[in-house]
Amino acid sequence: MTVTSAATVPVGAMEPAGPARVRRWLGLAALLTGMFVVQVDFFIVNVALPPIQQDLHATLSEIQLVAVSYAGAVGLTVVTGGRLGDVYGRRRIFLVGMAGIALASLLGGLAWSAPMLVVARILQGFAAGLVLPQGIGSVHAMFSGRDRERAFAVFGAAMGLSWASGMVFGGLLIEADIAGSGWRSIFLVNVLLALLAWLGTARWFDETKRSSTTRLDTAGALALTVVTALVLVPLIQGPPAGWPMWTLLCLFFAAVGAVVLIRVERRTARAGGAPLLPPHLFRDRQFDIGLLVIGIFFLGPPGYFLLTSIYLQSVLDFSPFESGMSLLPFSLLFFVSADVVKRLKARLNESVIIVGVLVMMVGTVVVGLTVHIAGTDLTVLRLTPGVALLGFGQALVTTPLMEMLLRHVPKGIAATASGVFTTVQLIAQQIGVALAVIIFTAFVTHQLDRTAPEQAWEVQTSVVDSGGTEAQAQRAVADVADCAARAAGELTGATGHSCAGADGWTALVDAAADRAVTVAARDAFVHTLGYNLLVQLTTAAIMVLHVRRLRRRPVPPAVGSPTGRVA
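Analysis parameters
- Residues numbered from 1 in each chain as written.
- Predicted model: local features only at pLDDT ≥ 70, side-chain atom pairs only at ≥ 80, totals over all residues.
- Heavy atoms only, no water.
- Helix = DSSP H or I, 4+ residues; strand = E, 2+ residues; numbered from the N terminus.
- Contact = heavy atoms within 4.5 Å.
- Patch = residues over 30% accessible without salt bridge, like charges linked within 9 Å, V, L, I, M, F, W, Y side chains within 5 Å.
- Areas by Shrake-Rupley, 256 points an atom, 1.4 Å probe, with all protein chains shown as cover.
- Salt bridge = Lys/Arg side-chain N within 4 Å of Asp/Glu carboxyl O.
- Lys, Arg positive; Asp, Glu negative; His and termini not counted.
- Charge placed at Lys NZ, Arg CZ, Asp CG, Glu CD.
- Buried < 20%, exposed > 50% of the residue type's maximum accessible area, 1.4 Å probe, protein only.
- Core = buried A, V, L, I, M, F, W, Y, C linked by side-chain atoms within 4.5 Å.
- Expected span 1.5 Å × (residues − 1).
- Axes fitted to C-alpha atoms, helices over the stretch in contact; angles between N-to-C directions.
- Left-handed = near helix turned anticlockwise from the far one by under 90°.
- Nonpolar A, V, L, I, M, F, W, Y, C, P; charged D, E, K, R; others polar.

Novice: Looking at this structure, how should I read the overall build of the protein?
Specialist: Within the protein one finds 19 helices and 3 strands. Put simply, of all contacts in the protein between residues at least 6 apart along the chain, 82% involve residues at least 24 apart.

Encoded structure:
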């Protein structure tokens, strides 16, 4: 594989000095601008769901599709996008993807209905699937030696900043209400950023690709797209629909399709072709362990981000700006800790990932205790210590994990490998979000069995003391239970909750149901953090076993030793 610019420079050669080296770093800056747009779009919409629903009169199912359809579309195209970059050039595919993001974002900003906004989000996701794998693949191909370590550190810090800053950025834009654009500004700003990324990439980004004789494995691409769709669609639609039979059948046929995909790829390899998923990629134990860790680790953070937005906005009535600002410490700590991560990685190697997970576990406990103790007096400032620990811990995990994953991957399939682990990450995120919502909803329902009767008893007493009849008191009690149950059911749609009673006791019933839901949601949020702790503990355990295996591995004898073997 070669890097093609004004002159052809071997990728594995010594890092160029002077203008050529500056050009590569400017190309990285343009690349990161585009990657920022792609990553921010995963979460920026979360803080805008309530105003979107109100403005477009969206149903609960439509607003959930607005939230999750982007990630689903990315998952369908990201591996094929990575392979397209390896075959036709990462710069070329990146530019096509950024143009698509700009057009889809413009459509989203001008959307006149919820279905149109869902279509725009899906188109955004398809375009992002072309962009996303070119990022890590290009860093892996463009840089070598110490510059590659620095580039990965910068890349990891920028990605971490974008993961959490999406909600901060979205909250700021909605709060600013530029030219009365409201929530539409979170889509329209993408047009400007995508244009800047496109121009910078066209000017400074060097082309990287494999030999021109390589062709896209269309059979493998089609099979992988079908399998990914059979996994992601039920994961997206299953929770709000109550897991109907068709979702379970989709998951069953996904397993069947995976077997077909493996056979298709093996047949392509035996025929001398270039399979979409090269079999030798999965013979790299380092890559396989990295995929496993990614698949476990990313079951946690996305669900936490979503539930935090739901709890703060729908339960505690935080504004989108305040909700976004609650994650600012996460972004800042992730970004500013890049140098610390690099130094710890040099000293601890893969063990730094274990340290990062342990820091995140402490941060999770601190957040849980803060939410439980503060109750309705929770503020952004009170959340800061725990959220900052989560950001620092995740910084210690993600960048070293990316390096570990790609350490032995040939440069010619770097974008493909990036697409593979991005798909695993996205599937893990969707599973994690689905599990987090299921667990949170179950805990809310369970806690309401305690909090609703407590509040209903107070309402009953107040009605009787105010001169109401026993029948009116019983009716008010029933209204509290009914309103609290309906309000709890609306929480995971991030659409807010309100209740109303009858017989002149509306305000009393509304206040009682609100208190019941608030306490139940608080306890459910804290209990759901236990799921995050389990994910983090499992991740740490896998890494401990991996590190111990590396330490027990015998040092291979030198060339010419009596054993006559060379590792």
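Novice: I keep staring at a positive patch on the surface and nothing clicks. Help me out?
Specialist: A grouping of Arg263, Arg266, Arg267 and Arg270 is seen on the molecular surface, where their side chains present a positively charged patch. Overall, Arg263 belongs to the exposed group, its relative accessible area being 62%.

Novice: Please clarify how unusual backbone geometry should be interpreted in this entry.
Specialist: Positioned with a positive phi, Asp317 is a non-glycine residue whose angle comes to about 60 degrees. Residue placement: Asp317 occurs in the loop between helix H11 (301–315) and helix H12 (320–325). Backbone geometry at Asn349 places phi at a positive 55 degrees, although glycine is not the residue there. For Asn349, a relative accessible area of 39% puts it in the partly exposed group.

Novice: Mind showing me how you'd approach the nonpolar core here?
Specialist: Grouped burial of nonpolar side chains is what soluble globular proteins tend to show. In terms of nonpolar packing, the biggest core is built from 145 residues, with Ile52, Ile101, Tyr304, Tyr311, Val367 and Phe525 touching the most fellow members. By residue number, the principal contributor to this core is helix H19 (residues 506–552), which donates 16 residues. Residues in contact with Tyr304, not counting those within four places in the same chain, are Leu327, Val367, Val387, Leu390, Phe525, Leu529 and Asn532.

Novice: Teacher, can you tell me more about the environment of Asp217 here?
Specialist: Relative to the elements of secondary structure, Asp217 occurs in the loop between strand S3 (207–209) and helix H8 (218–241). In the structure, Asp217 is positioned 137 residues away from Thr80 in sequence and 9.0 Å away in space, judged by C-alpha atoms. Leaving out residues up to four positions away in the same chain, Asp217 has contacts with Glu265, Thr268, Ala274, Pro275 and Leu276.

Novice: Explanation requested: a nonpolar patch on the surface in the structure shown.
Specialist: The grouping of Met245, Leu248, Leu249, Leu251, Phe252, Phe253, Val256 and Val260 at the surface amounts to a nonpolar patch, some 730 Å² of accessible area in total. Looking at the secondary structure, you find Val260 in helix H9 (residues 245–270).

Novice: Would you explain helix H10 (residues 285–297) in this entry?
Specialist: Side chains three or four residues apart in an α-helix point the same way, a direct result of the helix having 3.6 residues per turn. Spanning 13 residues, H10 covers 18 Å between terminal C-alpha atoms, matching the ideal 18 Å at 1.5 Å per step. Looking only at H10, the buried set comprises Gln286, Phe287, Ile289, Gly290, Leu291, Val293, Ile294, Gly295 and Phe297.

Novice: Whenever I open this one, the packing of helix H13 (residues 328–336) against helix H16 (residues 380–406) confuses me. Can you help?
Specialist: Axes are the key here: two packed helices are described by the angle between their axes and the distance separating the axes. One can describe the packing of H13 onto H16 by two numbers: an axis separation of 7 Å at closest approach and a directional angle of 40 degrees. Between H13 and H16 lies a crossing of right-handed hand. Counting all contacts with H13, which are made through Pro329, Phe330, Leu333 and Phe334, the residues of H16 involved are Thr384, Val387, Ala388, Leu390, Gly391, Phe392, Gln394, Ala395 and Thr398. Class assignment of the residues belonging to the contact of H13 with H16 gives a composition of 9 nonpolar, 4 polar and no charged.

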